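This is what each chain is made of:
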Amino acid sequence: MPNEKSYHMSIEEFRRNGRAAIDWIADYYERIESFPVLSRVQPGEIRASLPAEAPMQGEQFESLLSDVEKLILPGITHWQSPNFFAFFPCNASAPAILGDLLSSGLGIQGMLWATSPAATELETHVLDWLVQMLALPEKFLSSATGGGVIQDSASSATLCAILAARERATGYASNKHGCKGDLIAYASPQAHSSIEKAVRIAGLGDQNLRHIEVDANLALRPEALAAQIALDRQAGKVPCIVCATVGTTSSNALDPLPQIGRIAREHGIWLHVDSAMAGTASLCPEFRYINEGLEFADSYCFNPHKWMFTNFDCDCFYVARRKELIDALSILPDYLRNKATESGAVIDYRDWQVPLGRRFRALKLWFVIRHYGVEGLRYHVRRHVALAQQLASWVQRDERFELAAPSPLNLVCFRHRAGDAFNEALLDALNRSGDLYVTHTKLHGRFIIRFCVGQTYTESRHVERAWERIGEEAAKLEARGGW
Ligand code: PLP
């Protein structure tokens, strides 16, 4: 403790305020269902409620907390509400929050093994656990040629995969001389927009991203991929990377990895598999079919911050040959040199990602896995899938509605038969009610409501009530007519 004059929060105050903050979070979870799920504020409303200038004198923690309640909560969309069925989830859990808190408390920056050996070694260890937990190919283990690393997001994982693929495809010349114009990336038009963004950042350029045709189930067609690769080769281009998706954002479509993988291998093209949300399902043996063909993958990612109860941010990114990733990203200035790095006996995760610095994210993931155990995680994943399947069966039984795509896991895409305008109005009415939050997409050119079950505390009563509310709002719109 400092003896000199200081403005710091004392340890005693920290202890007291920390308890108050935890109590506030606990109270928040207890009353979370009382808030409209989607925030109702207008643009600019939150800023208008804040003082124009920063305070000259420090304030009491109590007023900070009470302003969170008064000024911030109205502008929160409640992602942790059990009535949140929008986008893909971004679920959290008590052990993850506490793990993250300890990580903040330790306040380390784990860019190098030497800057906190436990951060690196725990991360390597937990990512190896996950290879076994998800039954991923053994080449992704750190004891084999590959290994895993925590990225902030699937977008960063994809970017790293593209950078490594680019260097491999050009004999590590792109880093030296800049990216020349002929490197081609392949993905389905249903792939996440982060692939498009990564293709831009990596310097391949929009014109070199080939969107390969999909089949009736919105999965990439391998024959179309093979044909496009042949065309590109004939034209003197260099096929560089195929990004396949297991569980697309719009509809949870599963690209056929075995066929795509064989094509990629035949042509020596990097295969990256993005399983950002759906990957968690392979905790359960009955859903592991989604990973068939992963043996062909050069890299793979999934997000515990979506569906594995680990609060944002946490993406697990695996490579089959870590050397390729490190060779693409490593730069070692003098000020980062140290004996451990030079010994070659340690992992320095700064070489596995875009930023230099990194948080101690493995702690929250470790807490989650140890709190739930594999069985506990499986239980909740199975519950979510069962609840989504239940909803899909209700949709199928109601002649006013139809399913818009297969629902292999926890996402249900459906629409009212009355057409796009009706479905837009229905979505709007549901979200305005505050009772639940759902989002939309377009599939086969039509407006579709997406309903994803994956929030930590969602139970059958929430899905039942949501379906009831969907029926009620649809009935009101039907009565209004004019569709
Ligand atoms: N890939 C898929 C299939 C996604 O659904 C998403 C987000 O929903 C992403 C990538 C991007 O995720 P992140 O926010 O982790 O970059």
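Described below are features of the structure shown in this document. Quick caveat, the model's predicted, so the values are computed rather than measured.

About the thresholds
- For every chain, the first residue of its written sequence is number 1, and the numbers climb from 1 along that sequence.
- This being a predicted model, a pLDDT of at least 70 is required before a residue's local features are given, and a value of 80 or more before pairs of side-chain atoms are given or counted; all residues contribute to the totals for chains, interfaces and linings.
- In computing side-chain values, all of the structure's heavy atoms are included and hydrogens and water are not.
- Pairing between strands requires that DSSP locate at least two bridges from one strand to the other.
- A run of H or I in DSSP counts as a helix once it spans at least four residues, and a run of E counts as a strand once it spans at least two, with each numbered from the N terminus.
- Angles shown run from 0 to 180 degrees and are taken between the N-to-C directions of axes, each axis being a line fitted to C-alpha atoms and, for helices, limited to the stretch in contact.
- Here, two residues are considered to be in contact whenever any of their heavy atoms come within 4.5 Å of each other.
- If a single non-hydrogen atom of a residue is within 4 Å of a molecule or strand, that residue counts as near it.
- Throughout this description, a polar contact denotes any pair of N or O atoms lying within 3.5 Å of each other; where both atoms belong to protein, one of them has to be capable of donating a hydrogen while the other can accept it, and for residues adjacent in sequence the pair is counted only when both atoms sit in side chains.
- Calculation of accessible area relied on Shrake-Rupley with a 1.4 Å probe; when residues are assessed, cover is drawn exclusively from the protein chains displayed.
- Gly counts as polar in this scheme, as do all residues outside two lists: the nonpolar Ala, Val, Leu, Ile, Met, Phe, Trp, Tyr, Cys and Pro, and the charged Asp, Glu, Lys and Arg.
- Think of a salt bridge as a Lys or Arg side-chain nitrogen and an Asp or Glu carboxyl oxygen that are within 4 Å of each other.
- Without a salt bridge and with relative accessible area above 30%, a residue can belong to a patch; like charges are then joined within 9 Å and nonpolar side chains (Val, Leu, Ile, Met, Phe, Trp, Tyr) within 5 Å.
- Think of a nonpolar core as a cluster: buried Ala, Val, Leu, Ile, Met, Phe, Trp, Tyr and Cys residues, connected wherever their side-chain atoms sit within 4.5 Å.
- Three labels apply to residues, based on accessible area from a 1.4 Å probe with only protein chains included: buried if under 20% of the type maximum, exposed if over 50%, partly exposed otherwise in between.
- Source of the domain bounds: an automatic or database domain assignment.
- Working rule for angles: under 35 degrees goes down as roughly parallel, over 145 as roughly antiparallel, 65 to 115 as roughly perpendicular, anything else as oblique.
- Helix crossings get a hand from a simple test, with the near helix turned counterclockwise from the far one by less than a right angle marking a left-handed crossing and a clockwise turn marking a right-handed one.
- When the centres of two rings from Phe, Tyr and Trp lie within 6.5 Å, Trp using its six-membered ring, the rings pair. Their planes under 30 degrees apart give stacked, over 60 give edge-to-face, and anything left gives tilted.
- We call a charge positioned over a ring when the NZ of a Lys or the CZ of an Arg lies within 6 Å of the ring centre and within 35 degrees of the ring normal.
- Under the counting rule used here, the positive set is Lys and Arg, the negative set is Asp and Glu, and His together with the chain ends is not counted.

On to the sheet that holds strand E7 (residues 315-319). Here we have seven strands laid out as an open sheet, ordered E1-E7-E6-E5-E4-E2-E3, and mixed in their pairing. Since the sheet does not close on itself, it has two edges, and those belong to strand E1 (147-151) and strand E3 (209-211), each with one partner. On average, each strand axis in the sheet is inclined to that of its neighbour by 20 degrees, with strand direction left out of account. Inspection of the sheet shows strand E4 (residues 238-245) paired to strand E5 (residues 270-274) by five bridges, in the parallel sense. Among the inter-strand pairings, Ile241 is bridged to a residue of E5, identified as Trp270. Packing of helix H5 (residues 117-133) onto the sheet brings it into contact with E1, strand E6 (299-302) and E7, and relative to E7 it is tilted by some 80 degrees. Set on the sheet, helix H6 (residues 154-169) makes contact with E1, strand E2 (183-187), E4, E5, E6 and E7; between it and E4 the angle comes to about 155 degrees.

Another point: the sheet that holds strand E10 (residues 439-443). Read across the open sheet, the four strands follow the order E8-E9-E11-E10; overall the sheet is antiparallel. A single partner strand is all that each edge strand has here, and the edge strands are strand E8 (401-403) and E10. Each strand axis lies, on average, 40 degrees off the axis of its neighbour in the sheet, ignoring direction. The sheet contact formed by strand E9 (residues 411-416) and strand E11 (residues 446-452) spans four bridges and is antiparallel. Pairing of Val412 across the sheet is with Phe451, part of E11. Against the sheet, helix H15 (residues 420-433) contacts E8, E9, E10 and E11, and its axis sits at roughly 35 degrees relative to E11.

Turning next to the site of the ligand. Residues in close proximity to the ligand total 13 residues, the closest being Ala154, Ser155, Thr249, Asp274 and Asn303. In the model, an oxygen atom of the ligand is placed 3.4 Å from a nitrogen or oxygen of the His305 side chain. Here an oxygen atom of the ligand sits 3.3 Å away from a polar atom, N or O, in the side chain of Lys306. Bound to the protein, the ligand loses 88% of the 400 Å² it would expose on its own. Those elements that provide at least two residues to the shell around the ligand are H6 and helix H11 (304-307). Residue composition of the shell around the ligand, by class: three nonpolar, eight polar and two charged.

This part takes up the pattern of salt bridges. Enumeration over the complete set of coordinates arrives at 38 salt bridges. Salt-bridge contacts for Arg415 lead to Asp420; the nearest nitrogen and oxygen are separated by 2.9 Å. Linked by salt bridges that have partners in common, Asp435, Arg465, Glu468, Arg469, Glu472, Glu473 and Lys476 make up one network.

A cluster of nonpolar side chains, contributed by Ile22, Leu98 and Leu101, occupies part of the molecular surface with about 240 Å² of accessible area. Positionally, Leu101 belongs in helix H4 (residues 94-106).

Now for the nonpolar core. General note: in soluble globular proteins, nonpolar side chains tend to be found buried as a group. Ranked by internal contacts, the top residues of the largest apolar core, which has 70 residues, are Leu130, Phe140, Leu225, Leu271, Tyr300, Tyr318 and Leu365. Ranked by residues supplied to this core, first place goes to helix H14 (residues 362-397) with nine residues. Two domains each donate at least three residues to this core, and these are domain 1 (98-366) and domain 2 (373-480). Not counting chain neighbours up to four residues away, the residues in contact with Leu225 comprise Tyr186, Ile212, Leu220, Val242, Ile260 and Ile263. Grouped together as the second largest cluster of nonpolar side chains are 33 residues, Ala198, Ile241, Cys243 and Ala276 included.

In contact at an axis separation of 9 Å, helix H9 (residues 222-234) and helix H10 (residues 257-267) are set at 20 degrees when each is read in the N-to-C sense. With respect to H10, the axis of H9 lies roughly parallel. For the pair H9 and H10, the crossing hand works out as right-handed. Residue-level contacts link Pro222, Leu225, Ala226, Ile229 and Arg233 of H9 to Gln259, Ile260, Ile263 and His267 of H10. Looking at the contact of H9 with H10 residue by residue, the class counts come to six nonpolar, two polar and one charged.

Another aspect to go through is the packing of aromatic side chains. Under the criterion given, the structure shown has 18 aromatic pairs. With 5.3 Å between their ring centres and 55 degrees between their planes, Phe401 and Trp467 make a pair best called tilted. Remark: Trp467 occurs in helix H16 (residues 460-480) and Phe401 occurs in strand E8; sequence separation between them is 66 residues. Assessed through its relative accessible area of 1%, Phe401 is described here as buried. Following the ring pairs from residue to residue traces out a cluster consisting of Trp24, Tyr28, Tyr29, Phe35 and Tyr457. Looking at Arg370, its charged tip hangs above the ring of Trp366, at a distance of 4.7 Å from the centre.

This next bit is on the side chain of Asp255. Tracing the sequence through the fold places Asp255 in the loop between E4 and H10. It turns out Asp255 is buried and unbridged, and the closest side chain with the opposite charge, Arg221, is 11 Å from it. Of the polar contacts made by the side chain of Asp255, one reaches the backbone nitrogen of Leu220; its length is 2.9 Å. In this structure the side chain of Asp255 is engaged in a polar contact, spanning 2.9 Å, whose partner is the backbone nitrogen of Thr245. Excluding residues within four positions of it along the chain, Asp255 makes contact with Ser188, Leu218, Ala219, Leu220, Ala244, Thr245 and Ile260.

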